[in-house]
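Listed below, chain by chain, are the residues.
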Amino acid sequence: MFTALYQAFLDVLAPRICLICGALLTDERVPHCLGKYVCTRCFDRLSPADVSEALLAGISSHFRGDELAISSITARFQREFSSETSQESIHEDSAPISLLLYALKYHGMQGLGRSLGQELGYCLQILNQTSYDAIVPIPIHSARERERGYNQSLRIAEGIADIVNIPVEKDAVVRHTYTLSQTYLNVEERKNNVKNVFSVGRRGNALKGASILLVDDILTTGSTLNACAMTMLEYGAQRVDAATVAKA
Ligand SMILES: [Zn+2]
């Protein structure tokens, strides 16, 4: 009762609006997990990502056979620009799904990360991809985590765990090197940028013989996910699959 009243009070002060189109959100009883953040019209327009086989084939070409550490990839959404986006304003942050990931990373919207994770969790459940020993979020460097206040991939991992009931291991791997943004790098530069940046953390033993679901916000060339997966395999993980909210 108190929570409902408090929310009603907040809605008068700062009404909830759709992060994509700006429409007022009036009904959160929607058949998906993003009802607090996205209107139904915008949700219905988010494109689903390709099937796992196509996603893996897409990144495989970037790696030599012995370099590929990821066994399977699942993504929930495909980054696409809406037909209303003008040609001049198209850039990678203007796609509807990018607006959500941007809000998660740079506007402190941690609850959105959890909801996006739940959406991804339902997707994994439908695909019957739930036999993992642990969910591992891609770690960010401790300096970046202090600056941001949280690791966005951990929030997504927690959302997945809400649905599939698998433990999250947030300290199994660490990122010991502060890397530059991958945004403007080509495939080879991305691979070099993340080479040797991960190492096992204080919960590294949880990796031994384990089947791991590695989680990140977006799949681009797969370099970061693959570098982290390689570290986990080298430390004794049996298999590493990847799951991301979106495919770029
Ligand atoms: Zn909307």
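Before going into details, it helps to say that this report is about the structure given with it. These numbers were taken from a predicted model, which means no experiment stands behind them.

Examining the packing of helix α5 (residues 110–126) against helix α7 (residues 152–164)
A pair of packed helices can be characterised by two numbers: the angle between their axes and the separation between those axes. Interhelical geometry of α5 versus α7 gives an angle of 45° and a closest axis separation of 6 Å. By the angle between their axes, α5 is oblique relative to α7. Handedness of the crossing formed by α5 with α7: right-handed. Facing Q110, G113, R114, G117, Q118, L120, G121, Y122, L124 and Q125 of α5, the residues of α7 in contact are R155, I156, E158, G159, I160, D162, I163 and V164. Looking at the contact of α5 with α7 residue by residue, the classes come out as seven nonpolar, seven polar and four charged.

Considerations on the packing of helix α4 (residues 96–106) against α5
The geometry of α4 relative to α5 is characterised by a closest axis approach of 7 Å and an angle of 130° between their N-to-C directions. Between α4 and α5, the angle is such that the two are oblique. Read as a crossing pair, α4 and α5 show a hand that is left-handed. Contacts from L100, L101, A103 and L104 in α4 reach Q110, L112, G113 and L116 in α5.

Some words on the nonpolar core
General note: in soluble globular proteins, nonpolar side chains tend to be found buried as a group. Judged by nonpolar contacts, the single largest core of 34 residues is most densely connected at L116, I135 and I160. Listing elements by their share of this core, those giving two or more residues are α2 (40–45), α4, α5, α7, β6 (211–219) and β7 (239–247). The element best represented in this core is α7, accounting for six residues. There are two domains that each give this core at least three residues, and those are domain 1 (1–45) and domain 2 (48–78 + 91–247). When residues no more than four places from it in sequence are discounted, the contact partners of I135 are A157, I160, A161, V164, I166, P167, V168, E169, L213 and V215. Ranked by size, the runner-up nonpolar core spans 30 residues in total, among them L56, V173, M232 and V240.

Re unusual backbone geometry
Not every positive phi belongs to a glycine, and N128 is a case in point at roughly 60°. With respect to the secondary-structure elements, N128 resides in the loop between α5 and β3 (134–137). Within the chain, N196 stands out as a residue other than glycine whose phi angle is a positive 60°. Classification of N196 as exposed rests on a relative accessible area of 63%.

Here's the deal with the coordination of the zinc ion
The protein atoms that coordinate the zinc ion are C18 (SG), C21 (SG), C39 (SG) and C42 (SG), at distances of 2.3 to 2.4 Å. Its four donor atoms give the zinc ion angles of 104 to 118° at the centre, a pattern that matches the tetrahedral case. If you list the donors of the zinc ion from N- to C-terminus, the spacing comes out as C-x2-C-x17-C-x2-C. The exposure classification of C39 matches that of C42, with both residues buried.

Let's talk about the pairing of β7
Where burial is concerned, most of β7 is hidden: eight out of the nine residues are buried. Relative to β7, strand β2 (residues 72–78) runs parallel, the two being bridged by six bridges. Across the sheet, residue S72 finds its bridge partner in β7, namely D241. Pairing geometry for β6 and β7, over eight bridges, is parallel. The residue of β7 that forms the bridge with I212 is V240. Considered for its hand, the β-α-β crossover made up of β6, helix α9 (residues 223–234) and β7 is right-handed.

About the thresholds
- Residues numbered from 1 in each chain as written.
- Predicted model: local features only at pLDDT ≥ 70, side-chain atom pairs only at ≥ 80, totals over all residues.
- Heavy atoms only, no water.
- Axes fitted to C-alpha atoms, helices over the stretch in contact; angles between N-to-C directions.
- Helix = DSSP H or I, 4+ residues; strand = E, 2+ residues; numbered from the N terminus.
- Parallel < 35°, antiparallel > 145°, perpendicular 65-115°, else oblique.
- Left-handed = near helix turned anticlockwise from the far one by under 90°.
- Contact = heavy atoms within 4.5 Å.
- Nonpolar A, V, L, I, M, F, W, Y, C, P; charged D, E, K, R; others polar.
- Core = buried A, V, L, I, M, F, W, Y, C linked by side-chain atoms within 4.5 Å.
- Buried < 20%, exposed > 50% of the residue type's maximum accessible area, 1.4 Å probe, protein only.
- Domains from an automatic or database assignment.
- Donors = N, O, S within 2.8 Å, 3.2 Å for Na, K, Ca; no water.
- Tetrahedral: all angles 85-135°; square planar, octahedral: opposite > 155°, others 65-115°.
- Pairing = 2+ DSSP bridges.
- Right-handed = clockwise from strand over helix to strand, strands pointing away.

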